Amino acid sequence: MGDDSEWMKLPIDQKCEHKVWKARLSGYEEALKLFQRIQDEKSPEWGKYLGLIKKFVTDSNAVAQLKGLEAALVFIENAHVAAKTTGEVVSGVVTKVFNQPKARAKELGTDICLMYMEIEKAEVVQEELLKGLENKNPKIVVACLETLRKALSEFGSKIVTLKPIVKILCKQFESREKAVRDEVKLLAVEIYKWIRDALRPPLQNINSVQLKELEEEWVKLPSSPPKQTRFLRSQQDLKAKFEQHQAHGEQSDGEDEEETVVAVDPYELLEAVEILSKIPKDFYDKIEAKKWQERREAVEAVEALTKNPKLENGDYGDLVRALKKVVGKDANVMLVSAAAKCLAALASGLRKKFGTYAGQVVPTILEKFKEKKPQVVQALQEAIDAIFLTTTLQNLSEDILGVMDNKNPSIKQQASLFLARSFRHCTQGTLPKSVLKPLCAALIKQVNDSAPEVRDAAFEALGTAMKVVGEKAVNPFLSDLDKLKLDKIKESADKVELPGGKKAAAGGGGAKKAPAKTLPPAEAPPKSSGPPKKTQTGAASKSSAASKKCKPTAVAGGKTKKSPDSKEFTEGELSIEVCEERAAGVLPASCLQQLDSANWKERLASMEEFQKAVETLDRTEMPCQALVKMLAKKPGWKETNFQVMQIKLHVVALIAQRGQFSKTSAAVVLDGLVDKVGDVKCGGNSKEGLTAIAEACSLPWTAEQVMSIAFAQKNPKNQAETLNWLANAMKEFGFAGINVKGFINNVKTALGATNPAVRTAAIALLGVMFLYMGARLRMFFEDEKPALLVQIDAEFEKMQGQSPPAPIRFTKKSGEEEEGDEGEDQEEDGAAAAQDIMDLLPRTDISDKITCDLLSKIGDKNWKIRKEGLDETAAIISEAKFITANIGDLPLALKARLCDSNKILVQQTLSILQQLSTAMGPGLKQHVKALGFPVITVLGDSKANVRAAAMTTLQAWVEQTGMKEWLEGEDLSEELKKENPFLRQEVLGWLAEKLPALRAVPGDLMTCVPQLYSCLEDRNGDVRKKAQDALPTFMMHLGYDKMDKAAGKLKTASRDQVVGMLEKARAVMPAKPAAPAKAGGGRGSAEPSRAASASRQPASEDLVDSKPEVKKVRGGAAGKKVAAGKKLAVKIQKDDEDKSGPIFILVPNSKEQRIKEEKQLKILKWNFTTPRDEYVEQLKTQMSTCFAKWLQDELFHLDFQRHVRAIGVMIERLESESDATISCLDLILKWFTLRFFDTNTTVLMKVLEYLKLLLAMLDSENYHLTEYEANSFIPYLILKVGESKDVVRKDVRAILASMCKVYPASKVFPFLMDGTKSKNSKQRAECLEELGCLIEGYGMNVCQPTAAKSLKEIAVHIGDRDTSVRNAALNTVVAVYNVCGEQVYKLIGNLSEKDMSMLEERIKRSAKKTTALAAAPAKPTVTERSQREHPANPNGTFLRKPAQEDPNKLNQARQNAQHSESSHPSIPKEFQLDLDMIEMDQSRVCELPDLVQHKLDELLEPIMIPEPRMRSVSPHFDDLHNSTASTINFVISQVASGDINNSIQALAQIDEVLRQEDKAEVMSGHIDQFLIATFMQLRLIYSTHMADERVDKKDIVKLYSCIIGNMLSLFSMESLAREASLGVLKDLMHGVITLMLDGRMEDIEDGQQIIRTLNLLVTRVLVKSDQTNMISALLVLLQDSLATAAPPLFCELVIKCLWRMIRFLPETIDSINLDRILLDVHTFMKIFPKEKLKQLKSDVPHRTLKTLLHTLCKLRGAEILDHLSMIENRNESELEAHLRRSVKHNGNLSGLKSDRGNEKTGLCTEDWMSKAKVSDILTEIFKKIGSKENTKEGLTELYEYKQKYSDADLEPFLKNTSQFFQSYVERGLRLIESEREGKARIQTSAVIPQHGVDFSLSSSNEELKPAVYYERLKILRQRQGLENNSKQGVGGSEDEPQQRPPISSLLSSKPPVASSTDMLHSKLSQLKESRELYQQEHNTHSHSPTHAHTRSASPAANLDDLKKRLERIKSNRQ
């Protein structure tokens, strides 16, 4: 019991596996209960038992096994995952259950098998049961047979595949065990129920007694077919229907019964027999023997072999040729008969596989029909009928047409009878008009034959065709037959019985013959699109009304016979007397009398009456023929008066339009119309008449008649105008039905005409025809003169790319429905025309030139003679140009040469085959099997050039034949079976290219799947790759299920691998091309014809093996059909059009969404060592919404060439789709990272080319990479910097250099540092070199996180083993030395003695070079300038074009404003300020440059003050006049100068401005810029000046004093102080605190005083700055200082500042942006959680943070929780929890506070309500600002919005943008404000050059007083560097005019910035504009208006003074 108690405690699944049977029994019982309880089929509980179910059924204990079987059955029935266990469980049931003695166990085993079948696993179950039949235990065999029988009985033959079961029946009938024999007998009876007589042939070989018993049982079976009684899970609808019938006791109708029966082809159940090896060895000798007895023996031996009903595929070519020879040439009719029977048997046994040989045999059989002996004729008929079933009528049509004109009537008769028999096996789909048309034409000739048997055969053939495709389809070809013959054909049609047993086809002619009969529902045509039609009584069926009511379908073939009204209107020719009589009935008597009057006025009056009468006549009453004959009466068409003639022609048009106008009537008038078509006055009316006749009688007929009449004349004018009319008519009517052959010779005649107008018109007509026929039209004119061909080609070129216009005119019919029908006819004719274009070409029969001598030459042993033979063949084809399909035995000879050992001959043969494809056209189809597949064999050749030639040939053939013939049969599968890697990869590549373009393929493609799977596991990598490419294309046609099913037959290891590949292929499976048009929409108007021909694909190709579509005959205008046709054309051309669309799709905010998802870990972060499949799949998914489908397919294609092609397209579209490219930039860069892991250099070089262009584009668009983009790309780019190929490394370095233009260099630096840790020495060396370049270009600030840390890591590499790495590391450290001098030794830390000596040596060497450079002239060389191409910008995001470009663009803008004076192209070089030089130069003061001479004299002459008036300022003045902004920019730039004196002077100027409150406002907008320059100077002092012993410390103190004084002045003005942004304040506080802690200050005199002043400054900064920015800055500073382990004193001072800010909070809380503060606190707490803070030595930071939050909670209460809106993921830190605790602790506040809080919360909620709307508005505005076209409009809208909502917060919209963009927006807003206030303009930085500034002056007259002109002179003075009194510059006088009002900061809150250095370099880009102000200005407001007394002073006196000063300066300089 102890043991029992142990296992009883175990979980169920463990019990089921227990070694004790009782435990297992208990487990099975509990599992059974559990399985019955689980409701959800997808419950995870099922998964636990997946591996145990086999053990349930195979338990060794019988009792436990029984319970296990019950549990397993419930599991299989209910678990979703049960299907996975099928194989192993059924195998277990077969081996371990079916051998049990207990009946219950067997019963459960059978139930389990059937349940697996129900859950869609029938195949696997059947396979296991069939394996069980091979078991030696008879019990198992019996049980398996019984289970199979039950499965068939319940599920039916649709689910249970009978073929493998039938195969094993014979073997089981031979079993020794009676039980087995009895059971197999029962199974055979059950099978017979389902497939009836199809079972007989496979069982013919069993014991005769058994067969007799079976026959007896079969007779007893009921005749009604069995029904499926159990259904699969996917057949629940059928199950419901079945249960419903059962419930009501109903019998399903006949139609259902028909559906239930599955037609099984007995052939499919047979085993194929191989007979080729059994043919007697002497057969081929005997068949050629002279004695007929020997020949008979040979034929009889083969006849015996061919009696096998199913033959194994093989090469029967020799056998067929031998038999063909007997049929064709043997004189003994008995042998002919026997050979014909052999051929028939071969065709029946091989079926489709015999199609290869059909083309060789059929012509011989047809010729042999000349034999009259019935037995021979019968044998030949049987043979040709059997052969027909192996091929298509289309393939045989050429041969049949070839004998239709034979002189022997027997041949003609038998050919017609063969056609009649063949037509019975056709449908509308397999008998298209393109095939039917030539056959009907030939049969119509035979209808008129003198031999009655020929006529009867022709009638039978035409009648059969009419029955199959319907009257409507055949009638157009029978228009020339009289009524008697038509009736005979219809009579034949009625007698025809089609194979389906249906005599009538959709109520064809039979409806008329037997009116009383109705068509029972069961006989309704299966393909009819509508319900079965009820026929009318005899009288009713004849009426047109009945025909309209009872509209038939076209597909089923016939239609109710049309009444005369509904057919094309025809009439016999009337005599002149009858015509006069009928005309008199409708025309006034006077009209008729005066028609032939000699007086033209009477004739005119008569014609006018004639016209009125015609206009009033009804359509049915109008005797058209009579009227036109009256018009033709003398003078008729010879009328000399043009007025009479014009009306006469107009009347013809009216009659044709309004009456029932027949071709008979048309024939009366056409001569006259054509004769007048070239007349100047009457030509227009004549053309109108021709068009009306074309509408009445169809354009094709009219065109043919008109062309023949016109060219029978010699009038060139008429010929030219006729051609012009036809060209126009084609455009109006479309090309449908046009018989090109009918008038192509006339066009050729016109081309050769001497009259140029005729030639021009002919060429224009060809141009219109080209629209419809495509390039193939040119083939008709290959023989024309070269000069003419050039003209034709030029016309075709003009039409290239144009699509044909939609038809606007249509042939009129009597009824509306008929109009629709005819429209369809025309469209179908158009389709046929498209197909028949090649048939129109005159072709030569070259069969007589393919002589036996030529063939023997081609097969000669000597290769030279073989070559001669091939040369002759090529010459024959070349000479003939276009040939028929009949080329005799040439295919066999050429086939042999494709296997020639001489590769030159193989290539020559391939070129001949290419010639054949062009020459033969579509007729090539019949040679595909004989010659096409041998070409595929050549693809396996080892020589690449031979394979390439074979592929070219193959493509040329496919272009002519379409793909159907290549995919039919097993030939392709046989080729793929050959284990030749070259052949396999070429064929699979070809299939992968061709299959996606097909809409349907033959089912035989399935035979290639096993070979495809074999290729997936091929040893050759290329084969595997091509197979993977082809897999999705196979799947798109065959479907996943079929492919999966086929994979199930593979070995387990292979199956798993293939199934995995199938899953992947399923994801990338291309969609099938759309069908060309809906059913009934007309399958081919003229436009699809054009599309088909233009794409050089036969129109039939896309419809390969597709079922004929049901065409709905539609009423209404034919215009709809044309529209459908047009739509078809568009769809056919879809591939080309798709690629013309945008390649990237601009999805708003998609990138932001991806960034958010990656942050929230919803998707994989792009971080890997090698890309795994999940990353690729994720990228595909992300790309699917943003990339064009075709581009994505190319990008993820397995073929690298597709990648190259895709990148090429991306390069082309880079400029045109720049915005979309930027929106998808992260995905593009990610895709490129995948390519970095490829080994293909071609792709890599293309990638790098694109990246260079991409970065250039991003730079020009001022776009800067986000961190998300950079992190997912730059690390992988750096991997390639270590590439072994120099060219790659060079490109990667160039890209890294460009990268710094779009991503801060300081952020690129850490990536390069990581790159130095690589194992690849090249990568380490290159990364170190790049680091050195960054430090040289951007200074030490680029070193992140700190210079010391970075340099220590760099210095480590000085000791590297690799020389290049050592050198690179030394060079980098030297670069640092050049920047910061001796301090480098401190930064690099301790080095080994060896490394240090190397470094010192390198530094010495570099110092020598530097000295040599210093000795060179001061002016920098070109080389130096190029080395300094990067500005000193550590973040590198603000590189811009050279400054001198901007003035040029400004000048252009000014010239556009139509200024008269010319402006300077740019400020001369000597006046430009080189900031880089100033910062690097620490030793010398800049000297004054030479003064420029030009234009000064002109300016200094006495000035006549002009009358003040409105006008634009001259560009010359504006060029000199610099705005306030540029002046301040320049002065501020000097603050950061490396020269102390320059800096002090600049600070003095600014201080003077700041001390005067009325002037200080001009600094507004420049505060950040000024503060950046200030702390840059502080850093410079700290790092350079203090360490430099040469610098006088007094100068340093003086500089410190100036800086601190300036700061105190600035921060005493709150309005200016509040402009300082977060990043700037952070850096400022960092600089000031660092200075306070500088121990060196104590050694300096007055050092203590400076520190005290700094304390005061800090206090003032804390008080006066924007409180939000200040608190945020301190939090960020504290965070950074803790992270970088800054000195404790530093942290302490920062914390003290924070405490001080906290004390201010009660007063400042209302002005603080709490959301921003809490975001910064959140960030702080995320980086420093509570645990980490507690680990610090001091707990002060932690307490400070708690105090800050406590104070905020205390002041705001619960409302504080509403200010967490800017935090994306609140769970990342403890902030929210801490706030909630604090709020709770404060007791939720009460009384007034609570009320106040509620009130504010209410307001806040209200704000949130409108937040979405505001966000949308501002998003739109910022989008406009960001686009080049709308930036000005966007800035204006933003300004107006700010004016309206002054408290609007723009920060969320600006925080993610670059500092440069923010500066641009700020300056733009300020400009708008100044323009609107009419004050001085603020010049915008020329970042976006097209946003020019309006250069016209304000409309205020006051600003144009004389002082303005003085102002100009004053600016000149400043520009030339004259000393100015500060009093003159900065007026302190009480007479000072009112200053410009302050320009307030238009952006209320500055966006946070990572570092103020970003902002500095933004400002530096502006300062480049100020470089022309090289000489420093000494007064700060020199541009402002001067004092009143200055205004009144004499301008001349001031000019003199100015002139003297300038002269003095010049003399001093000299």
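The structure we're discussing is the one just above.
Residues numbered from 1 in each chain as written. Predicted model: local features only at pLDDT ≥ 70, side-chain atom pairs only at ≥ 80, totals over all residues. Heavy atoms only, no water.

What exactly am I supposed to notice about unusual backbone geometry here?
Trans is the common state for peptide bonds, and a negative phi is the common state for residues other than glycine. Of note, the phi angle at glutamate 120 is positive, near 75°, even though the residue is not glycine. Here glutamate 120 shows up in the loop between α8 (103–118) and α9 (122–132). Take glutamate 120: its relative accessible area is 39%, and that puts it in the partly exposed class. Backbone geometry at arginine 351 places phi at a positive 55°, although glycine is not the residue there. On the basis of relative accessibility, which here comes to 33%, the residue arginine 351 falls in the partly exposed class. (Helix = DSSP H or I, 4+ residues; strand = E, 2+ residues; numbered from the N terminus. Buried < 20%, exposed > 50% of the residue type's maximum accessible area, 1.4 Å probe, protein only.)

Where do I start with the nonpolar core in this structure?
The nonpolar side chains of a soluble globular protein tend to be buried with one another. Met1563 and Met1629 are the most contacted members of the largest nonpolar core, which has 97 residues in total. A total of 10 residues in this core trace back to one element, the largest contributor, which is helix α91 (residues 1688–1708). With residues near it in sequence (within four places) discarded, methionine 1563 still touches Ile1528, Ile1532, Ile1550, Val1553, Leu1554, Phe1570 and Leu1616. (Core = buried A, V, L, I, M, F, W, Y, C linked by side-chain atoms within 4.5 Å. Contact = heavy atoms within 4.5 Å.)

Any chance you could explain the packing of helix α90 (residues 1667–1683) against helix α92 (residues 1714–1727) here in plain terms?
Helix-helix packing: each pair is described by the crossing angle between the helix axes and the interaxial distance. Close contact between α90 and α92 brings their axes to 9 Å; oriented N to C, the two are set at 10°. Classified by the interaxial angle, the pair formed by α90 and α92 is roughly parallel. Taking contact as the criterion, the partners of Thr1668, Asn1669, Ile1671, Ser1672, Leu1675, Leu1678, Gln1679 and Leu1682 in α90 are, on α92, Arg1716, Ile1717, Asp1720, Val1721, Thr1723, Phe1724 and Ile1727. The residue inventory of the contact of α90 with α92, partitioned by class, reads 8 nonpolar, 5 polar and 2 charged. (Axes fitted to C-alpha atoms, helices over the stretch in contact; angles between N-to-C directions. Parallel < 35°, antiparallel > 145°, perpendicular 65-115°, else oblique. Nonpolar A, V, L, I, M, F, W, Y, C, P; charged D, E, K, R; others polar.)

Explain the packing of aromatic side chains here, please?
Centre-to-centre distance and the angle between the planes together describe a pair of aromatic rings. Under the defined criterion, the tally for this structure stands at 23 aromatic pairs. Taking 5.7 Å as the distance between ring centres and 55° as the angle between the ring planes, the aromatic pair formed by phenylalanine 1168 and phenylalanine 1237 counts as tilted. Remark: phenylalanine 1237 occurs in the loop between α66 (1225–1236) and α67 (1241–1260) and phenylalanine 1168 occurs in the loop between α61 (1150–1159) and α62 (1173–1184); sequence separation between them is 69 residues. Residue class for phenylalanine 1237 comes out partly exposed when judged on its relative accessible area of 25%. Grouped by ring-pair contacts, the aromatic residues Tyr28, Phe35, Trp46, Tyr49, Phe56 and Phe75 constitute a single cluster. Above the plane of the ring of phenylalanine 642 lies lysine 681, whose end atom (NZ or CZ) is 4.2 Å from the centre. (Phe/Tyr/Trp six-rings, centres within 6.5 Å; stacked < 30°, edge-to-face > 60°. Lys NZ or Arg CZ within 6 Å of the ring centre and 35° of its normal.)

Which parts of the structure should I look at to understand the side chain of glutamate 965?
Looking at the element boundaries, glutamate 965 is found in helix α51 (residues 964–967). No salt bridge forms around the buried glutamate 965; measuring N to O, its nearest opposite-charge neighbour lysine 925 is 4.6 Å away. (Lys, Arg positive; Asp, Glu negative; His and termini not counted. Salt bridge = Lys/Arg side-chain N within 4 Å of Asp/Glu carboxyl O.)

Would you take a moment to explain helix α34 (residues 600–616) for this structure?
It helps to recall that an α-helix has 3.6 residues per turn; residues three or four apart then point in one direction. In a regular helix each residue adds 1.5 Å, so 17 residues correspond to 24 Å; α34 covers 25 Å between its end C-alpha atoms and thus fits that length. Of the positions making up α34, those classed as buried are Arg603, Leu604, Ser606, Met607, Phe610, Gln611, Ala613 and Val614. Buried residues along α34 sit against α32 (576–586), α33 (589–594), α35 (624–631) and α36 (642–658). (Expected span 1.5 Å × (residues − 1).)

What is the right way to look at helix α6 (residues 62–78) in this model?
In a regular helix each residue adds 1.5 Å, so 17 residues correspond to 24 Å; α6 covers 25 Å between its end C-alpha atoms and thus fits that length. For α6, the full list of buried residues reads Ala64, Gln65, Leu66, Gly68, Leu69, Ala71, Ala72, Leu73, Val74, Phe75 and Ile76. Two or three places before valine 63, at the opening of α6, asparagine 61 has a side-chain oxygen 2.9 Å from that residue's backbone nitrogen. (Polar contact = N/O pair within 3.5 Å; in protein donor to acceptor, adjacent residues only side chain to side chain.)

Mind showing me how you'd approach a positive patch on the surface here?
A contiguous patch of positive charge, built from Lys1730, Lys1734, Lys1746 and Arg1781, is present on the exposed surface. With respect to the helices, strands and loops of the structure, lysine 1730 is situated in helix α93 (residues 1730–1734). (Patch = residues over 30% accessible without salt bridge, like charges linked within 9 Å, V, L, I, M, F, W, Y side chains within 5 Å. Areas by Shrake-Rupley, 256 points an atom, 1.4 Å probe, with all protein chains shown as cover. Charge placed at Lys NZ, Arg CZ, Asp CG, Glu CD.)

Please clarify how the environment of alanine 79 should be interpreted in this entry.
The residue alanine 79 is located in the loop between α6 and α7 (86–96) in this model. Apart from residues lying up to four places away in sequence, alanine 79 is in contact with Glu41 and Trp46.

Sorry if this is basic, but what is going on with the pattern of salt bridges here?
Two side chains bearing opposite charge may form a pair once their charged atoms approach each other closely. Applying the stated rule across the entire model yields 71 salt bridges. Across the pair lysine 1280 and glutamate 1283 runs a salt bridge, and its minimum N-O distance is 2.9 Å. For the pair lysine 1280 and glutamate 1283, one class covers both residues: buried. Here the salt bridges share partners, and the residues they tie into one network are Asp1286, Arg1289, Arg1293, Glu1326 and Glu1330.

It is not clear to me how the packing of helix α38 (residues 683–697) against helix α39 (residues 699–712) should be interpreted in this structure. Could you clarify?
It is the contact of α38 with α39, at a shortest axis distance of 7 Å, that shows an interaxial angle of 135°. The angle between the axes of α38 and α39 places the two elements in the oblique class. Residues Leu690, Ile693, Ala694 and Cys697 of α38 lie in contact with α39, whose contacting residues are Leu699, Trp701, Thr702 and Val706. Its residues placed into classes, the contact of α38 with α39 shows 7 nonpolar, 1 polar and no charged.

Explain the side chain of glutamine 65 here, please?
Here glutamine 65 shows up in helix α6. Of the residues examined, glutamine 65 reaches a relative accessible area of 3% and is grouped as buried. Contacts of glutamine 65, omitting those with residues within four sequence positions, involve Phe56, Val57, Thr58, Asp59, Lys96, Val97 and Gln100.

Before we go on, may I ask you to explain the environment of cysteine 1327 in this structure?
Looking at the secondary structure, you find cysteine 1327 in helix α72 (residues 1321–1338). Taking the C-alpha atoms as reference points, cysteine 1327 and phenylalanine 1309, 18 residues apart in sequence, are found 9.4 Å from one another. Look past the residues within four positions of cysteine 1327 in its chain and what remains in contact with it is Ile1278, Val1281, Leu1312, Gly1315 and Thr1316.

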